[in-house]
Structure formats: C-alpha cells, structure tokens
Amino acid sequence: MDQPVPSNSSAQVSACSEMLLNPLYMEAYDQSLEQPESFWGDLAEQLIDWDQPWKKVLDDSNSPFTKWYVGGKLNACFNAVDRHVLADKGSKVALIHDSPTTNTVRHVTYNELYDKVSRLAGGLRKLGVQKGDRVVIYMPLIPEAIIAMLATARIGAVHSVVFGGFAASELCTRIEHAEPKVIIAANCGVEPHKIIYYLDILHEAVALSRWKPLKNIIYRRSNILMSDLDETWDVPWENALDTPVDCVPVDANDPLYILYTSGTTDKPKGIQRPIGGHLVTLMYTMNTIYGIQQDDVWWNASDLGWVVGHSYICYGPLLYGATSVMYEGKPDRTPDPGQYFRIIDQHKVSAVFSVPTAFRVIRRVDPEVTFGRKYSLKSLRAIFIAGEHCDLETMKWMRSIFKVPVLNQWWQTETGSAITATCVGFAQNLQPPPFTTGLPFCGYDIYVLDKNGHEAKPNELGRIVVKLPLPPGNMATLYRSDELFRKTYFQRFPGYYDTMDAGYKDKNGYIYVTARDDDVINVAGHRISTSSLEDAILRHPDVADAAVFGVPEPTKGQIPLCLYVTKASVSKPSAKMSVELINIIREVIGPIAAFKLAAQVQSLPRTRSGKTLRKAMADLAANKHVTIPATIEDPHVFVDIKRALRELGYAMAAPDPELRQTVR
C-alpha cells in the first residue's frame, strides 16, 4: 500500500474559516504538531505532580513505540487523591454512587478515598503484590471498584478491569493472559429484576484457568447478598484493609493498566496504557474539551469496564479534583425513563458523557419526556456523546429536550481520549455541522485516504489515519504482543496509525466518522456509509431504531439491508412501513443506494457499550457462521434477527449464532 501523499494538515486546518475565528484552538493545535516537546512539556509541568522530572519529553527513535516524558517518575494515585487532600480539599465529594437498582445514594469524599485506597494498597502489598505485578478487578459500578484501581496504582502495580457482565470463560481468558497476583471482586452485581453472582463466576473462572492468583479479595454487598467465601482463596474486603502505605513513584512509560478490547480472541488484545502521558492528557482534556471546573459535578454514564470509564469516571475527574457520578442503572428500566433527568437535577450535574444509544432508548420509550419533565436541568451546560454514530433525529430531540449543546466526538480504546472533538474550553462553535465528530484534537494530524492510499478530496469517503507520532496517552503497545501491535495498527500505512474507521474531512477541517471501514457498503463500485442510510431511515416518525448493513447481490456485489424497530405506539403493518422507508432512501440518498430490503424486528443486537453488531448481522445474512461476542447486551435478539432476514430471502442456510466460548 502506498504511503499517503504528504501535506501539511495543520496548515490546511489553519486556512479554514473555523480556525481563523478561533485563535485559542489554532495556536494550541499548531504548536502541538509543530513543537510537540514544548507543548506537551509545558502542560506536564503545569498539570501533574512529578516525583522526578523527565530528561526528554519525546523519544520517537523506535517508532511506533513512542515514549513521552522519558526518565520522569510519578504516581497516578497521588495525582488523583493525595494532592487534593494535601491541598485541604479532602472534605470535598469525589464520587457520588447513585444506584436505583439498590435504592441507595452514597457520597465518597477525597478523605475517605485516601483512607480506603491507602489501606487497601497496604493489604495488597501484604499479600505480595509489588511494583509491576498485575491485579485483575471484576466488580460492578461501585466506589470499591475505583478504590481497587487506585490502590493498585498506588503501589505501582498494573490493574486490569474486566467488565462485570462477562461470563467465566471470558474472565478466564483475561486471567490467563494478564497473570494477576491477586484478583479483587465483588460478590454480586445487580441488573433489573436479577442478581449477577460474580463470586460464583470468579470461582469458576479461576478453576478453569491455568494461572492461579495468590488470593481473591472479595467485597460483599451485604445489602443485596451475603455470600460464603472460600477460606483457601478468598479474603474478605474488610480484612484486606491493612496499614496505609505511601505512593510508589513509577516511570512515566510504565503501564498504568491493561484493558482488553471487546473483540478478544484466543490471542487477547490487551491495550497497555502508559502512566505519564495518560495523566497529562486526561487532566488537560477535562477543561479543554469538556469545560469542567473543579467545583463541577461530572457524569460519565458508562461502565468502568470500558475505556471511557477508566478515563472519565475514574482518572480524569479525580485528577482534576471534580466530583464524578457513578450511575448503577439503566436509561429506562430502573425504574423508569426519567432517571437521567433525576440524576442531573438531584446531583446538579454540569455535563454528561454518554453513548447515543442511551438517549435513543429514552426517546423510544418516552418521546414526550413524561417521566423526566418534572426535573430541573438548570445545572446542565453540555452533553457529550461518543462510541456510536448519533442519527440526526436523536440529536435534534436531545437538543430540544435538554436545551444544551450536544457535542459528538470520536475516540477509541487504543487512544484513551478524544481524537476529534468540539472543545468547550477552546470556545469553539458549539453548534458544529450535523454529523461531525468535531475538529482534530491537539497532537492528532489526521488524514483521510482513498482506496489507493492517497489523500482523499474534501467530503470523499475514505479510511482515517493519523500521522505519527501519536500524542501522549495513547497505548504504548499490546500487552505481551509487540509484533501484533505493529502489524495491526502500523503495517498497512507505514508512518501512520490506522484507525480502521471510515469517514471524511470537509473543507473546513471537520472530521466525519461514518463507520468502521468494514461497515461501508460497496454498491456497484459506489462506497456508501451505513450511517448515511440509517440517518435517512430514522427520519421516519415511526422508527425508533435502525441498523443498515451490506448483503450479497449477484449484479451489484452488495446492496443495503435495513432492520428497524418501531416506536411503542406504532401499529402500522410492517409491509407498509418498509415501502415508506424505501421511498425515504430514494428521496434522501437516491437510486444509487439500490435500497429495497427492509424488515421490522423487536430489537437490535448491541454490545453493552452501545455498539451495533452490523458485521454479525451481515455475516448471518450471508449464511456465515456467527460467533456472538460476550459483550452483547442480549444474545437472544438473534432469533428474531434471523427470522426477519429469512423473510427477505437471506440467512436461509445460516447456522444459528453461537455465544463466543473461550478457545482453550
């Protein structure tokens, strides 16, 4: 593959009208690309407390294994907790745990965090955990999960948080790969109308695993379930809180954590996050991107098992000294679709970060906000969304209901923070063009490439890449897989990071991320993004949700197929709905889309982080074997998906999808 034709992206961005009207952004963005050592060095001095200064800001001598702040030493826990206590801010609330599933609200101050974290760190050390050792954390969204993360970081160990919804086989895979000295878990989690027995799952996973931890530290949620422990393996949480220990300085390029990506196979992809660059970037983005002040209440409606939870439930807001909300509930079922509104009102939330799917769910079940309208939204200044394409109708609804800017952004597990965004702190235009994920953030020199690897024209769909070196905070490598790291992300376009996402750049420098590159449909040589078709479908007033993907067609190669969900009150026949949707696509996109296949389903398959499983549906339609990822919200939806595909003449010989089992 040819390298991209070089051009000065910074100069291109500088020439556009948006930038000329925004000197704050322009100055910072230009300097981050042209003088990265000066830019990131100054920020590191201003924002983070260091135990030992670095000798060199940037070492790119072994690209793509870029190192930042070489020789510097620091501790993540000190920066997130201790320094606020030392600054007499210990009485401030650090975490608000709001759990309608258990009918409790809990406030945790920085003083309490300091006490619990330092004592758990002492307990970990007593159990034999040392600097560089791994600790797996398997817990629901409760303050003890963050305490476990920070305690691990306090003694220089490396945490690996496993999403609490994973089954024993998935947990086993991660245990075997990370080889933790200790596992910290809760005895249970709570979902609507059911209890998840974490401790049983953990015991099964450890029994299956070829690697055995020394001990399991178990936090028992006694208000829900009081579990019996295995005296051989399990240590009660309260017994693990030992004599407090101080923070251990670690090298800036040592790993803070390992986070396994959702597509894990028998060779897990463990994103390894370097401490120094990550802390600098998170601290910088809290105000620069999100406009957060230290007295604000920030709510990231995600889970600690995902990268956004690591960055912006735990580390980002705590580094900044703000208050972080942890919501253990659903948008609509715990107990009603008014909960997002209640949380904003009750806790005086300044900004919300969530996936579009959550708001799509609320709009579907309560479009008139019957449950939410009694709450005040006066404290709210902005909503930020990422993780999944947001259709225009949902975006309009959100702006109309919440009456604040709704700002889309784009980032990946690999980057740990936003690649593109609309930045409140830079005073950027808070009404950006529809569908954009914003402008390139500092340090990201972004190109869009055509099929030949040359830079695409403005508004031309292509593959998005980023010129090296990547800015601080990006993954350092894949844990124990340097060669896979190089091959996966850097082999196809030497000198560039391959995001594997598709999109385009407009003449003003705005980036539009339309889909994963393998979600783009090739209809008779015309590349059409699934998101453009879904946006058109969702303009129909009776459609609540939709997914479009490519299916085989002998003449055109591929044609789009749409599965859609109607709003609760709709009783229109599905045949009539399908005709209306076909007409909408013809009006909005044109006959080039060759759109003629649409079917109604009860629900769409999505991961717990909100991503639509388009490829799985496309493979099922093409009669391929489908392995359902363990991250899926509800695997049973594929029964109805297969029924709908067969009505359209697809998936006729497809085997039933199977929930992924760990390869052993």
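Since this is a predicted model, take the numbers as computed values, not measurements.

**Points about the overall build of the protein**
Logical step 1: Along its length, the protein carries 20 helices and 35 strands.
Logical step 2: Computed over C-alpha atoms, the radius of gyration of the protein comes to 24 Å, within 12% of the 26 Å expected from 2.2 N^0.38 for 664 residues, which places it in the range of a compact globule.
Logical step 3: Seen through its C-alpha atoms, the protein measures out along the principal axes to roughly 70 × 55 × 50 Å.
Logical step 4: The proportion of buried residues among the 664 residues of the protein is 63%.
Logical step 5: In the protein, 70% of the contacts between residues at least 6 apart in sequence involve partners at least 24 apart.
Logical step 6: Put simply, the protein shows about 24900 Å² of open surface, and 50% of that area lies on carbon and sulfur atoms.
Logical step 7: The positive charge centre, built from 70 side chains, and the negative charge centre, built from 74, are 3 Å apart in the protein.

**With respect to empty space enclosed by the protein**
Logical step 1: Counted according to the given criterion, the structure contains four cavities of 30 Å³ or more.
Logical step 2: Arg360, Glu388, His389, Asp391, Glu534, Leu538, Asp545, Ala546, Arg606, Thr612 and Arg614 are the residues that line the largest cavity.
Logical step 3: Along the lines of polarity and charge, the residues of the lining of the largest cavity split into two nonpolar, two polar and seven charged.

**Let's talk about the sheet that holds strand 23 (residues 439-440)**
Logical step 1: The three strands are arranged 21-22-23 in an open sheet whose pairing can be described as antiparallel. Looking along the sheet, the strands with just one partner apiece sit at the ends: strand 21 (410-411) and strand 23.
Logical step 2: Where strand 22 (residues 418-421) lies against strand 23, two bridges are found, and the strand directions are antiparallel. Within the sheet, the bridge partner assigned to Ala421 lies in strand 23 and is Leu439.

**Here's the deal with the pattern of salt bridges**
Two side chains of opposite charge can pair, provided their charged atoms sit close to one another.
Logical step 1: Counted under the stated rule, the structure contains 33 salt bridges.
Logical step 2: For Asp115, the salt bridge goes to Arg119, with nearest N and O atoms at 3.4 Å. Taken together, the positions of Asp115 and Arg119, both in helix 6 (residues 110-126) and four residues apart, correspond to about one turn of that helix.
Logical step 3: Asp115 gets classed as partly exposed once you look at its relative accessible area, which sits at 33%.
Logical step 4: Arg119 gets classed as partly exposed once you look at its relative accessible area, which sits at 25%.
Logical step 5: Beyond isolated ion pairs, a larger network of salt bridges with shared partners links Arg106, Glu112, Lys116 and Glu144.

**So, the nonpolar core**
Logical step 1: One finds Leu150 and Ile184 to be the most contacted residues of the largest nonpolar core, which totals 147 residues.
Logical step 2: A total of nine residues in this core trace back to one element, the largest contributor, which is helix 12 (residues 307-320).
Logical step 3: Excluding its chain neighbours within four sequence positions, the residues that come into contact with Leu150 are Cys77, Ala80, Val81, Leu113, Val117, Cys314, Tyr315 and Leu318.
Logical step 4: One finds Ala546, Ala599, Ile628 and Leu645 within the second-largest nonpolar core, a separate group that totals 49 residues.

**Let's talk about the packing of helix 11 (residues 275-288) against helix 12**
Logical step 1: The contact between helix 11 and helix 12 brings their axes to 9 Å, and the two run at 80°. By the angle class used here, helix 11 and helix 12 are roughly perpendicular. Along the contact surface, helix 11 presents His278, Leu279, Leu282, Met283, Thr285, Met286 and Asn287, while helix 12 presents Ser311, Tyr312, Tyr315, Gly316, Pro317, Leu319 and Tyr320.
Logical step 2: Per-class residue counts for the contact of helix 11 with helix 12 are nine nonpolar, five polar and no charged.

**Observations concerning the packing of aromatic side chains**
Logical step 1: A full pass over the atoms with the stated rule returns 40 aromatic pairs.
Logical step 2: Aromatic pair Phe490 and Tyr497: ring centres 6.0 Å apart, planes at 50°, arrangement tilted.
Logical step 3: The class of Phe490 is buried, set by a relative accessible area of 8%.
Logical step 4: Grouped by ring-pair contacts, the aromatic residues Phe39, Trp40, Trp50, Trp54, Trp68, Tyr69, Tyr284 and Phe441 constitute a single cluster.
Logical step 5: The ring of Phe166 has Arg174 lying over it, and the distance from NZ or CZ to the ring centre is 4.4 Å.

**Some thoughts on the pairing of strand 31 (residues 543-553)**
Logical step 1: Burial analysis of strand 31 places 10 of its 11 residues in the buried class, the great majority of the element.
Logical step 2: Inspection of the sheet shows strand 31 paired to strand 32 (residues 557-566) by 10 bridges, in the antiparallel sense. Bridge pairing in strand 32 links Val551 to Ile559.
Logical step 3: Linkage of strand 31 to strand 32, two consecutive antiparallel strands, is achieved through a turn of three residues.

**A look at the domain arrangement of the protein**
Logical step 1: Assigned domains of the protein: these are domain 1 (23-132 + 246-256 + 266-329 + 405-505) and domain 2 (524-659).
Logical step 2: If you look at the interface, domain 1 gives four residues, while domain 2 gives six residues.
Logical step 3: Roughly 460 Å² of surface becomes buried between domain 1 and domain 2 when both sides are summed, with 72% attributable to carbon and sulfur atoms.
Logical step 4: Three residues, Trp306, Phe435 and Leu461, lead the burial of domain 1 against domain 2; their summed loss comes to 90% of the area buried on that side.
Logical step 5: Connecting domain 1 to domain 2 are zero salt bridges.
Logical step 6: Applying the counting rule to domain 1 against domain 2 returns zero residue pairs in polar contact (both at pLDDT 80 or more).
Logical step 7: Its residues placed into classes, the side of domain 1 that touches domain 2 shows three nonpolar, one polar and no charged.

What counts and what doesn't
Residues numbered from 1 in each chain as written. Predicted model: local features only at pLDDT ≥ 70, side-chain atom pairs only at ≥ 80, totals over all residues. Heavy atoms only, no water. Helix = DSSP H or I, 4+ residues; strand = E, 2+ residues; numbered from the N terminus. Rg over C-alpha atoms; globule rule 2.2 N^0.38 Å. Buried < 20%, exposed > 50% of the residue type's maximum accessible area, 1.4 Å probe, protein only. Contact = heavy atoms within 4.5 Å. Areas by Shrake-Rupley, 256 points an atom, 1.4 Å probe, with all protein chains shown as cover. Lys, Arg positive; Asp, Glu negative; His and termini not counted. Charge placed at Lys NZ, Arg CZ, Asp CG, Glu CD. 1 Å grid on protein atoms, 1.4 Å probe; cavity = no way out; pocket = protein on both sides within 12 Å on 5 of 7 lines; lining within 4 Å. Points joined across faces, edges and corners; volume = space filled by probe spheres on them. Nonpolar A, V, L, I, M, F, W, Y, C, P; charged D, E, K, R; others polar. Pairing = 2+ DSSP bridges. Salt bridge = Lys/Arg side-chain N within 4 Å of Asp/Glu carboxyl O. Core = buried A, V, L, I, M, F, W, Y, C linked by side-chain atoms within 4.5 Å. Axes fitted to C-alpha atoms, helices over the stretch in contact; angles between N-to-C directions. Parallel < 35°, antiparallel > 145°, perpendicular 65-115°, else oblique. Phe/Tyr/Trp six-rings, centres within 6.5 Å; stacked < 30°, edge-to-face > 60°. Lys NZ or Arg CZ within 6 Å of the ring centre and 35° of its normal. Domains from an automatic or database assignment. Buried area = accessible area lost by both parts, 1.4 Å probe. Polar contact = N/O pair within 3.5 Å; in protein donor to acceptor, adjacent residues only side chain to side chain.

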